[in-house]
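Single-letter residue listing:
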Amino acid sequence: MLRTAFACAVLLLGAGLGAGWLTHGFQVWTAEGARRLEVLQRPIDVPAVPVQGPGVAARDLHDLLAGGQQVTIVDFIYTHCESLCLSLGNTYQQMQAALQATGKDTGVRLLSVSFDPQRDTVEQLLSHAKRMKADPAVWRFVRVPGEPELQRVLDRFQVVIVPDGRGDFQHNAALLVVDAQGRLVRIFDIAEQQLALDYARHLAAGGEL
Amino acid sequence: MVIALALLAFTPLRRWMEASMSLHMLVQFPLVVLGGYLLAGELGPRATARLQRWNAHGLTGLLAVALLLALLMIPRWLDLAWVDLRFEIAKWLALLATGGALRLSWSRAGLLGQVFFLGNTLPMTVMAGYLFIESPLRLCNAYLLDDQVTVGKGLIVACALTAITWLIQAGRLLSRQAAPKRQLQ
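The shown structure was predicted, so the numbers you read here are calculated from the model rather than taken from an experiment. (Residues numbered from 1 in each chain as written. Chains lettered and ligands numbered in written order. Predicted model: local features only at pLDDT ≥ 70, side-chain atom pairs only at ≥ 80, totals over all residues. Heavy atoms only, no water.)

(A) Molecular detail of the nonpolar core. The biggest cluster of nonpolar side chains holds 33 residues, and the ones touching the most others in it are Met21, Met25, Trp77, Leu78 and Phe132 of chain B. If you list the elements that add at least two residues to this core, you get helix 1 (2-22) of chain A together with helix 1 (2-10), helix 3 (21-41), helix 5 (59-72), helix 6 (75-83), helix 7 (85-134) and helix 8 (145-184) of chain B. With six residues, the top contributor of residues to this core is helix 7 of chain B. What tryptophan 77 of chain B contacts, discounting residues up to four positions off in sequence, is Leu22 of chain A together with Leu71, Leu72, Phe87, Ala90, Lys91 and Ala94 of chain B. Val51, Ala58, Leu61 and Cys81 of chain A belong to the second-largest nonpolar core, a separate cluster that totals 29 residues. (Core = buried A, V, L, I, M, F, W, Y, C linked by side-chain atoms within 4.5 Å. Buried < 20%, exposed > 50% of the residue type's maximum accessible area, 1.4 Å probe, protein only. Helix = DSSP H or I, 4+ residues; strand = E, 2+ residues; numbered from the N terminus. Contact = heavy atoms within 4.5 Å.)

What follows is the structure, encoded as C-alpha cells:
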C-alpha cells in the first residue's frame with residue numbers, strides 16, 4: 001500500500017508538471033494561445049524570403065518590413081476565400097480608413113500575405129486590391145512565390161493552413177504586428193482590430209514594446 | 001496484434017488518420033489503447049506480479065489512466081503531435097500505457113473503485129466534448145471546425161456507451177453474487 005501511495009504521488013506530480021508545461025502554467029490550452037503567448041515573451045524575426053506584389057519593390061519580406069520606419073500589421077490570406085477572409089478584408093478596410101482619417105502618416109502600414117501562390121498571381125493580387133479599394137500607400141499585398149520559402153514563413157509564424165478539400169482553407173487568421181525592426185512582436189485576434197491599431201500606432205510613435 | 005499496431009504506427013495509415021480530428025481521436029486513440037490493453041496481457045505472471053505490488057486495488061493504474069486521458073484532452077497536445085514527432089511518440093506511449101493500466105487495474109479496483117474512476121473521468125470527458133461542440137473557435141489549428149463538433153459528439157456518445165456497458169456488467173455481477181444467498185434461504 002505504501003508503494004502504491006508513492007507511485008500515485010509520483011503520477012500526480014508528473015501529470016501536474018506536464019500539464020503546467022503544456023499550458024504555459026495553466027494560462028493557455030490551445031496551440032493558438034501558446035503561439036500568442038510565446039510571441040509576447042520573445043519576438044520572432046521575420047524571415048528573408050523573396051516576395052512579389054503589385055507595386056512592391058522590396059526584394060524580400062524582411063526588407064519589406066524592417067525599414068526602421070514603419071510598423072506593419074500583417075495578415076495571411078488567399079483571395080479566393082469567401083468566409084473568414086472576407087471579414088479579414090473588412091477589418092483591413094476599416095483599419096485603412098482609420099489610418100487615412102488621421103490625415104497624416106501614422107507610420108503604420110498594412111500587409112496581406114497570400115499563402116495560395118498558385119492562384120494568387122501578382123495580377124490576381126492587383127485586381128483583389130482594387131476590389132478591396134486598397135490604398136497602395138497604406139495597404140499592400142504580396143505573394144511568396146517559392147513553396148519551401150512560403151512554408152518557412154508559415155512555420156516561423158506558426159500559421160497553420162488546413163485545406164478543407166473543396167478548394168478552400170481554414171487557417172488561424174489573426175492580426176500580426178511587426179515592429180520597425182522586422183520582428184513579430186504581438187498577435188491580436190481579428191476582433192481586436194482597434195487594439196492592434198492602437199498598439200501599432202503606439203509602437204510607430206516610438207513607444208515601448 | 002503487434003503487426004496491427006505497427007501498421008497503425010509506421011504506414012501512411014497513421015498520417016491519414018491524424019489528418020482528421022475525428023479519425024484521430026475517435027478511431028486511432030481507442031485502437032492504440034486497445035493495443036496497450038492486449039499487450040499488457042502478454043506480460044508474464046512474474047512481471048505482472050511485480051508491477052501489481054505498486055498497484056494496490058488498481059489505484060495507481062486507474063489514477064494513471066485518468067491523468068493521461070485528462071492530459072490528452074488538452075488541445076495543444078493534439079496540435080503538437082501533428083507537427084512534432086516527439087509529442088507524437090509521447091502520445092502513443094501515453095495511449096499504450098492507458099490500455100495497459102486499464103487491463104492491470106480494472107478488476108482489481110472492484111465495483112467501488114470503478115464507480116469512483118468512472119464518476120471522475122466520464123463527466124470530465126463529457127465536459128470536454130461539450131466544449132468541443134460549443135466552441136465557436138477552432139481549438140486545434142490543424143483541424144477543421146466541423147470536425148471538432150463531430151469529435152465532441154463522439155466523446156459524449158462514447159461516455160454514454162461506457163456508462164451503459166458498465167452498468168450492465170455491474171448488474172450481472174451483483175445478481176450473480178446475490179443468487180447463492182437466495183438459494184440458501
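(B) Inspection of the sheet that holds strand 7 (residues 175-178) of chain A at higher detail. Residue and element names in this part refer to chain A. Read from one edge of the open sheet, six strands run 1-8-7-2-3-4, paired in mixed fashion. Of all the strands in the sheet, just strand 1 (44-45) and strand 4 (139-143) have a single pairing partner and so form its edges. The sheet contact formed by strand 1 and strand 8 (residues 183-188) spans two bridges and is antiparallel. Considered in strand 8, the bridge of isoleucine 44 is made with leucine 184. With respect to the sheet, helix 5 (residues 122-131) is in contact with strand 2 (71-77), strand 3 (108-114) and strand 4, its orientation differing from that of strand 4 by roughly 155°. (Pairing = 2+ DSSP bridges. Axes fitted to C-alpha atoms, helices over the stretch in contact; angles between N-to-C directions.)

(C) Structural detail: helix 1 of chain B. Residue and element names in this part refer to chain B. Every buried residue belonging to helix 1 is among Leu5, Leu8 and Ala9, and all of these are buried. For helix 1, the angular spread of buried residues about the axis comes to 90°, placing them on one side. Residues of helix 1 that are exposed and point more than 90 degrees away from the buried face comprise Ile3 and Phe10. Contacts from the buried residues of helix 1 go to helix 2 (13-18), helix 3 and helix 7. (Arc of directions from axis to C-beta.)

So far we have only geometry, and geometry alone does not tell us how the molecule works.
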